[in-house]
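Below are the chains, spelled out letter by letter.
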There are 2 protein chains.
Amino acid sequence: MSVRADMELTPERCDVECLHPEHVRPLLGRIISSDDADAVVGTFELLADPTRARILHALALTRELCVCDLALLLGLSQSAISHQLRSLRDRRAVRRRRSGRIVYYALADAHVRSLLRDGVTHAREDAALLRRTSSGRR
Amino acid sequence: MSVRADMELTPERCDVECLHPEHVRPLLGRIISSDDADAVVGTFELLADPTRARILHALALTRELCVCDLALLLGLSQSAISHQLRSLRDRRAVRRRRSGRIVYYALADAHVRSLLRDGVTHAREDAALLRRTSSGRR
């Protein structure tokens, strides 16, 4: 074996210390700060819950829904739905409007809609890739 | 006070039990299942880490970077970067290619790029909204 022991342990790294000024220079000062990264993490943490993800996916597929509609669609109690809607509204992922005695919910903005759609697409493609890989190994 | 006590406790809900078949019917069978939701949650959990979010944001701003470039840009050790790159590669959020003695990383696909951009945009707009709200209260 000519491979060094530390290379086997860390195949993620380059074999030599190297830098690419032409890649690095245009990015200086543009990458999110640690504080901004914490805010981004907060957004992704909010989405990292199966019930919240399903509520948001339902809202991403339509314009607006009330708690009763969401409870029926997701097969959950209105209490469970409204608990999660409160978290989502506190973090400005959804907004609500009252019309008479009914309260409708909608996604807060187009970014939340894109986040949900891309998250679902990535997860589905990832699952399909895993299935193909595991069937190829048989 | 004419408001019922339970309404004050649960302002998220409609005052009356109601359903909107015209909203619900087109969505039947289209909302992600609980299993799919778990996969989506896995994707968002992967992004919900400040170092991983910053690595992915750097990669979202360019085509590819090596570990040495990323370590310099993020002000972290190569060991810390390669540890997170391994998690990201295991979950197919990034891919790598070797060119001679250098290992380059890139985002796995356009969905991961969109997820990062929308997550960053939502977090920034959210922070700006909070600042406006809190300065309006002064």
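Before any of the text, the structure's been laid out above.
Residues numbered from 1 in each chain as written. Chains lettered and ligands numbered in written order. Predicted model: local features only at pLDDT ≥ 70, side-chain atom pairs only at ≥ 80, totals over all residues.

Trainee: Explanation requested: the overall build of chain A in the structure shown.
Mentor: Helices and strands together make up the secondary structure of chain A, namely seven helices and three strands. Starting at the N terminus, the α and β elements of chain A follow one another as α-α-α-α-β-α-α-β-β-α. Looking at the 138 residues of chain A, the share that counts as buried comes to 38%. Of the contacts made within chain A by residues no fewer than 6 positions apart, 48% connect residues no fewer than 24 positions apart. (Helix = DSSP H or I, 4+ residues; strand = E, 2+ residues; numbered from the N terminus. Buried ≥ 20, exposed ≤ 12 C-beta atoms within 10 Å, placed from the backbone. Contact = placed C-beta atoms within 7 Å.)

Trainee: I would appreciate a short explanation of the packing of helix α4 (residues 50–60) of chain A against helix α3 (residues 34–47) of chain B in the present structure.
Mentor: In a packed pair of helices, the relevant descriptors are the angle between the two axes and the axis-to-axis distance. Packing of α4 of chain A against α3 of chain B brings their axes to within 9 Å, and their N-to-C directions diverge by 105°. Judged by the angle between their axes, α4 of chain A and α3 of chain B are roughly perpendicular. Taken together, the residues of α3 of chain B that come into contact with α4 of chain A (itself represented by Pro-50, Ala-53 and Arg-54 of chain A) are Ser-34, Ala-37, Asp-38, Val-40 and Val-41 of chain B. Among the residues forming the contact of α4 of chain A with α3 of chain B, the class breakdown is five nonpolar, one polar and two charged. (Axes fitted to C-alpha atoms, helices over the stretch in contact; angles between N-to-C directions. Parallel < 35°, antiparallel > 145°, perpendicular 65-115°, else oblique. Nonpolar A, V, L, I, M, F, W, Y, C, P; charged D, E, K, R; others polar.)

Trainee: For this particular structure, what's the right way to read the interface of chain B and chain A?
Mentor: Facing 67 residues of chain B, the contacting portion of chain A comprises 67 residues. Taken together, the elements giving at least two residues each to the side of chain B that touches chain A come down to α2 (21–24), α3, α4 (50–60), β1 (65–66), α5 (67–74), α6 (78–90), β3 (102–107) and α7 (110–137) of chain B. The element that contributes the greatest number of residues to the side of chain B that touches chain A is α7 of chain B, accounting for 14 residues. When the residues that make up the side of chain B that touches chain A are grouped by side-chain class, the tally is 35 nonpolar, 15 polar and 17 charged.

Trainee: Looking at this structure, how should I read the sheet that holds strand β2 (residues 94–99) of chain B?
Mentor: Strands in a sheet are paired, the pairing made by backbone hydrogen bonds, and the direction either parallel or antiparallel. Residue and element names in this part refer to chain B. Spatially, β1-β3-β2 is the arrangement adopted by the three strands of the open sheet, whose pairing is antiparallel. The open sheet terminates on both sides in strands that have one partner only, identified here as β1 and β2. Across two bridges, β1 lies against β3 in antiparallel orientation. Pairing of Cys-66 across the sheet is with Tyr-104, part of β3. The sheet contacts of α4 involve β1, β2 and β3, and relative to β3 the element is tilted by about 90°. (Pairing = 2+ DSSP bridges.)

Trainee: Would you explain α4 of chain A in this entry?
Mentor: Each α-helix turn comprises 3.6 residues. Residues three or four places apart therefore point the same way. In terms of residue burial, α4 of chain A counts as a mostly covered element, since eight of its eleven residues are buried. Those residues of α4 of chain A that fall on the buried side of the exposure criterion are Arg-52, Ala-53, Arg-54, Ile-55, Leu-56, His-57, Ala-58 and Leu-59 of chain A.

Trainee: Honestly, the sheet that holds strand β2 (residues 94–99) of chain A in this entry has me stumped. Any pointers?
Mentor: Residues and elements named next belong to chain A. In spatial order, the strands read β1-β3-β2; together these three strands make up an open sheet with antiparallel pairing. Every other strand in the sheet has two partners, leaving β1 (65–66) and β2 as the edge strands with one partner each. Looking at chain direction, β2 and strand β3 (residues 102–107) are connected through six bridges and run antiparallel. Paired with Val-94 across the two strands is Leu-107, which belongs to β3.

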